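Understanding the architecture of this molecule
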Amino acid sequence: MKQYIAAFLLACCIQGYAQEKKQVTFTPPFDFPLTLSGNFGEIRTNHFHGGLDFKTGGVIGKPVHALADGYISRIRVTNGSGYVLDVCYYNGYSTINRHLSVFLSPIAERVEKLQYENENWEVEIIPGPEEYPVKAGQPIAWSGNTGYSFGPHLHLDVFETESGEFIDPMPFFRTKIKDTRAPKADGIMLFLKRVKV
Ligand SMILES: [Zn+2]
């Protein structure tokens, strides 16, 4: 019985994904051809990799663009992910941009002020939807190599805003990614979906 329920939920899940993806398009985060250094679901030393790693040509300081219309919903500096920006898009998805090098004005000044006030490098700000609106393609920060990162890149997580569920961002960018490697299946990962009753 349990297997039937699991299979049914999985089927719903897959079907739901297929439907949602058709409706949503994202503009690319960079204005140069996208190449990846990491995929969603890869096994890292102590966790699954929850997003995509975009290469930035071995350098920091590439403008990172908004993927759609929305607003900056969370600003963080953390030891693990360095300079981090969450963007909530009006299409139902949110992203987390990690390992950035520089925030743009006026966020940069606000973060620095808070760091001095708190006497702590790690800070978190949760702005309201009206504070930092963004338009598709607008630069939101500069890419970097801050936090637990081994070379300049942009780590991009995508999650459903409402459920908070992380999804594989690849389908949104597949046609824009310069593929240099043949696909290889390392395994299958199943997500347990929380069902509201
Ligand atoms: Zn990553």
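As a starting point, this report considers the structure included with it. (Residues numbered from 1 in each chain as written. Predicted model: local features only at pLDDT ≥ 70, side-chain atom pairs only at ≥ 80, totals over all residues. Heavy atoms only, no water.)

Re the coordination of the zinc ion
Taken together, the protein ligands of the zinc ion are His49 (NE2), Asp53 (OD), Asp53 (OD) and His155 (ND1), with distances of 2.0 to 2.8 Å. Bound by four donor atoms, the zinc ion shows angles of 51 to 144° at the metal and therefore irregular coordination geometry. If you list the donors of the zinc ion from N- to C-terminus, the spacing comes out as H-x3-D-x101-H. Note that Asp53 is positioned in strand E2 (residues 52–55) and His155 in strand E11 (residues 153–160), a separation of 102 residues in sequence. (Donors = N, O, S within 2.8 Å, 3.2 Å for Na, K, Ca; no water. Tetrahedral: all angles 85-135°; square planar, octahedral: opposite > 155°, others 65-115°. Helix = DSSP H or I, 4+ residues; strand = E, 2+ residues; numbered from the N terminus.)

Quick notes on the pattern of salt bridges
If charged atoms from side chains of opposite charge come close, those side chains can pair. Inspection of the entire model under this criterion finds nine salt bridges. A salt bridge links Glu42 to Arg44; its shortest N-O distance comes to 2.9 Å. Using a relative accessible area of 24% as the deciding quantity, one classes Glu42 as partly exposed. Linking Asp86 and Arg76 is a salt bridge whose minimum nitrogen-to-oxygen distance equals 3.4 Å. Of this pair, Asp86 sits in strand E5 (residues 82–89) while Arg76 sits in strand E4 (residues 70–78), and the two are 10 residues apart along the sequence. Taken as a pair, Asp86 and Arg76 share a single burial class, namely buried. (Salt bridge = Lys/Arg side-chain N within 4 Å of Asp/Glu carboxyl O. Buried < 20%, exposed > 50% of the residue type's maximum accessible area, 1.4 Å probe, protein only.)

Points about unusual backbone geometry
Of the consecutive residues Ser105 and Pro106, the connecting peptide bond is found in the cis state with omega at 5°. Structurally, Pro106 can be placed in the loop between strand E7 (102–103) and helix H2 (107–118). Even without glycine at this site, His99 takes up a positive phi of about 65°. Residue placement: His99 occurs in strand E6 (residues 93–100). Of note, Glu119 is a non-glycine position whose phi angle comes to about 50°, a positive value. As for its placement among the helices and strands, Glu119 is situated in the loop between H2 and strand E8 (123–125). Classification of Glu119 by relative accessible area gives exposed; the value is 73%.

Taken by themselves, the reported measurements are silent on function.
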